[in-house]
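Summary of structural features
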Amino acid sequence: MTTTPSNAPYSNGPASEQIANIRETLLLMASLANRNLSLAMRALVERDEKLAASVEAEDSQLDELEISVDELVINHMATHAPVATDCRFMLVASKISSNLERIADQAVSIARRSLELNKEPLLKPLIDIPRMAQIAEGMLRDSVTALIERKPELAQEIIKRDKEVDAINKQLARELTSFMLEDPTTITRALNLTIVARCLERIADHCKNIAEEVYYLYQAIDIRHDRTPTS
Amino acid sequence: MVTTKASLMSQTQPTTMMDESIPTTQTTEVVHTPVATPSASDKAARLNAPTIIDINNVDFYYGQSKALHGINFPIKEKLVTAFIGPSGCGKSTLLRCLNRMNDLVDGTRIGAGSIKISGVDIYDPSVDVIELRKRVGMVFQKSNPFPKSIYENIVYGLRLQGINNKGRLDETVERSLRGAALWEEVRDRLHTSALGLSGGQQQRLCIARAIAVEPEIILMDEPCSALDPIATVKVEELIHQLKQDYTIVIVTHNMQQAGRCSDITAFFYMGRLIEIDATEKIFTNPTQKQTEDYISGRFG
C-alpha cells in the first residue's frame with residue numbers, strides 16, 4: 001500500500017488543490033504579517049515616517065486574505081466533508097488566519113505610535129521594546145515553521161516564550177510609570193511607548209495562539225488555557 | 001462586617017436561614033471540580049457495553065485464498081457497528097460470516113477461530129442455520145423485495161414458520177412497517193405489488209421484512225448505496241431508531257454515513273482489522289495512519 005503523510009497534499013484532484021491553496025494563503029499572510037511587524041519596528045527605531053505609512057497601506061491586503069481563507073475553508077468543508085487531520089486543519093486554518101490578521105493590526109498600531117513619537121525627541125534609548133519585538137518575531141517565524149514542518153514539539157516550545165514577553169512588558173510599564181510620575185512632560189511619550197509595548201505583548205499572545213493551534217492540528221490535543229498535553 | 005450583616009439580616013430572617021445563605025467553601029469547590037464531558041463518558045459506556053457477537057481469531061478462505069486474517073473483536077449489544085474499508089478488504093465477507101451466508105458459496109470455509117453469538121458457536125454442527133438467520137437478519141445493497149404484495153413480503157418469514165393466523169400476521173405487518181418508518185406511506189396499498197414502491201421504499205420494505213421475524217441482530221450490506229439522499233436520510237433515521245431494540249452491523253463505503261449513524265467503527269484493510277474504536281475517535285483522531293489515509297481519501 002502506498003500512502004502519503006497525513007494532511008499532505010492528495011496526489012491530485014480538487015481536494016488537493018483546495019488544501020494546498022489554504023496552506024499557501026496562510027503562508028502568504030504569515031510573511032506579510034512578519035514583514036509589517038519588521039517595518040513597523042524599523043519605523044519606530046529609525047524614526048522613518050515613510051515606513052510607518054507603508055505598514056498602514058499594506059494592512060488591507062491581510063484583511064482581504066483573512067476573508068479569502070474563510071471562504072476557502074467553508075468551500076472545502078461543504079464540498080469535501082473533511083475528517084481527522086483535514087477536519088482539524090479547516091478549524092485551525094481559520095483561527096490562524098484570524099490571529100495573523102490581528103498581528104498585522106497591532107503592527108499598524110505600532111506604526112501609528114511611531115509617528116506620534118517622532119514628533120518629540122526620544123524619551124530613552126530603545127532597548128526593551130526591540131528585545132520584545134525580536135522575541136515576538138521569532139515566535140511568529142517559528143510558529144509558521146512548526147506548521148509547515150509538522151513540528152508540534154516546536155509549537156510547544158514557542159508557547160513558553162510568551163511569558164518572557166509578558167515579563168518585559170510589565171517591567172517596562174513600571175519604568176515608564178516612574179518617568180511619568182517624576183516629570184509630567186514625558187507623559188505623552190511614555191504612554192505611546194507603553195502602547196507599543198502592549199502591542200508587542202499582544203502580538204506574542206497571537207503567536208502563542210497560533211502555536212497552540214499547530215499543536216492541536218498535529219497532536220489532536222487541545223492545550224489552550226494552560227491545559228497540559230496529557231489532560 | 002459579619003456581625004453587622006448578621007444583625008441586619010436577623011431582622012428579617014431567622015439566623016439558621018442566614019447561615020445557609022452564606023456561600024461556603026464547599027460550594028466554591030464544586031464550581032472548580034472538573035466535570036467529565038458527557039461525550040467522553042458516553043464513549044466509555046459504549047466501548048464497555050455487553051458483547052453480543054464474539055469474533056475470535058477468525059481466518060476465512062475462498063478456496064485456497066485467505067480472505068480474512070485472524071479477525072478478533074467483539075460486537076456490542078444494541079449499538080450500531082460500522083465496517084469500513086476499501087473494496088476487497090473483507091468487510092462484506094466478515095458480515096456474511098455472521099449469519100453463515102457464506103455457506104451458500106462453494107469452497108468457502110472458516111479455517112480457524114470461532115464466532116459466538118450470545119455465547120453459542122454459530123459454526124457448531126448442531127446449530128440450525130435457518131434458526132440462526134432468523135436471529136440474525138440481513139438487508140442487502142440492492143433492495144430485493146419478492147414479486148409479491150407488500151403484505152406478503154412482510155409475512156413471508158412467518159408463513160415459512162407455518163404461522164397463518166390472520167390477526168397475528170396483520171399485527172406483524174403493521175408493527176414491522178411502522179418499525180421501518182414505512183407504514184404511513186403504504187398503509188392504503190398493502191396488497192399492491194411491492195415492486196411498485198420507490199427504491200427507498202423498497203429498501204425500507206426489506207428492513208421491515210427483516211424485523212418481522214424479530215431478530216436480535218440486523219446485518220446491513222451497504223443499504224443506502226442505491227438510494228438518493230432523502231431516502232438515505234430516512235434509512236439512517238431508521239437505523240438510529242432500530243438500535244433501541246436491535247444490534248446493527250452495517251457495511252458502508254460512505255464515510256459520512258458511517259460517521260453519522262454508527263457508534264463504533266471498524267476499519268479493515270486486506271483482510272485484516274486495522275483499527276476499531278468509538279466512531280468519533282476514528283473520524284477525528286484515528287490511531288492508525290492507514291485509517292486516516294483511508295477515511296480522508298488518500299489511498300493509492
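Residues numbered from 1 in each chain as written. Chains lettered and ligands numbered in written order. Predicted model: local features only at pLDDT ≥ 70, side-chain atom pairs only at ≥ 80, totals over all residues. Heavy atoms only, no water.

Notes on the overall build of chain B
The helix and strand tally for chain B stands at 14 helices and 10 strands. Across the 300 residues of chain B, 46% fall into the buried class. Contacts in chain B between residues at least 24 apart in sequence constitute 67% of all its contacts with a sequence separation of at least 6. Of the accessible surface of chain B, which amounts to about 15,000 Å², a share of 54% is contributed by carbon and sulfur atoms. (Helix = DSSP H or I, 4+ residues; strand = E, 2+ residues; numbered from the N terminus. Buried < 20%, exposed > 50% of the residue type's maximum accessible area, 1.4 Å probe, protein only. Contact = heavy atoms within 4.5 Å. Areas by Shrake-Rupley, 256 points an atom, 1.4 Å probe, with all protein chains shown as cover.)

Topic: the sheet that holds strand S1 (residues 51-62) of chain B
Residue and element names in this part refer to chain B. With antiparallel pairing, 4 strands are arranged side by side in an open sheet as S2-S1-S4-S5. Of all strands in the sheet, those bounded by a partner on one side alone are strand S2 (65-76) and strand S5 (120-121). In this structure, strand S4 (residues 108-117) lies alongside S5, joined through 2 bridges in antiparallel fashion. Bridged to Lys-116 within S5 is Asp-121. (Pairing = 2+ DSSP bridges.)

Let's talk about the pairing of strand S6 (residues 136-139) of chain B
All names here are of chain B. Of the two faces of S6, the one lined by Val-136 and Met-138 and the one lined by Gly-137 and Val-139 are each fully buried. Note that S6 and strand S7 (residues 217-221) share 4 bridges and pair parallel. Bridging across to S7, Val-139 finds its partner in Met-220.

Some words on the sheet that holds S7(B)
Residue and element names in this part refer to chain B. Ordered by their spatial adjacency, 6 strands build an open sheet running S6-S7-S8-S3-S9-S10, and the pairing between neighbours is mixed. Unpaired on one side and paired on the other, S6 and strand S10 (272-278) mark the two borders of the sheet. Across the sheet, the axes of successive neighbouring strands diverge by a mean angle of 20°, strand direction being ignored. Here 4 bridges tie strand S3 (residues 80-84) to strand S9 (residues 264-269), and the two strands are oriented parallel to one another. In the strand pairing of S9, Thr-81 is matched with Ile-264. (Axes fitted to C-alpha atoms, helices over the stretch in contact; angles between N-to-C directions.)

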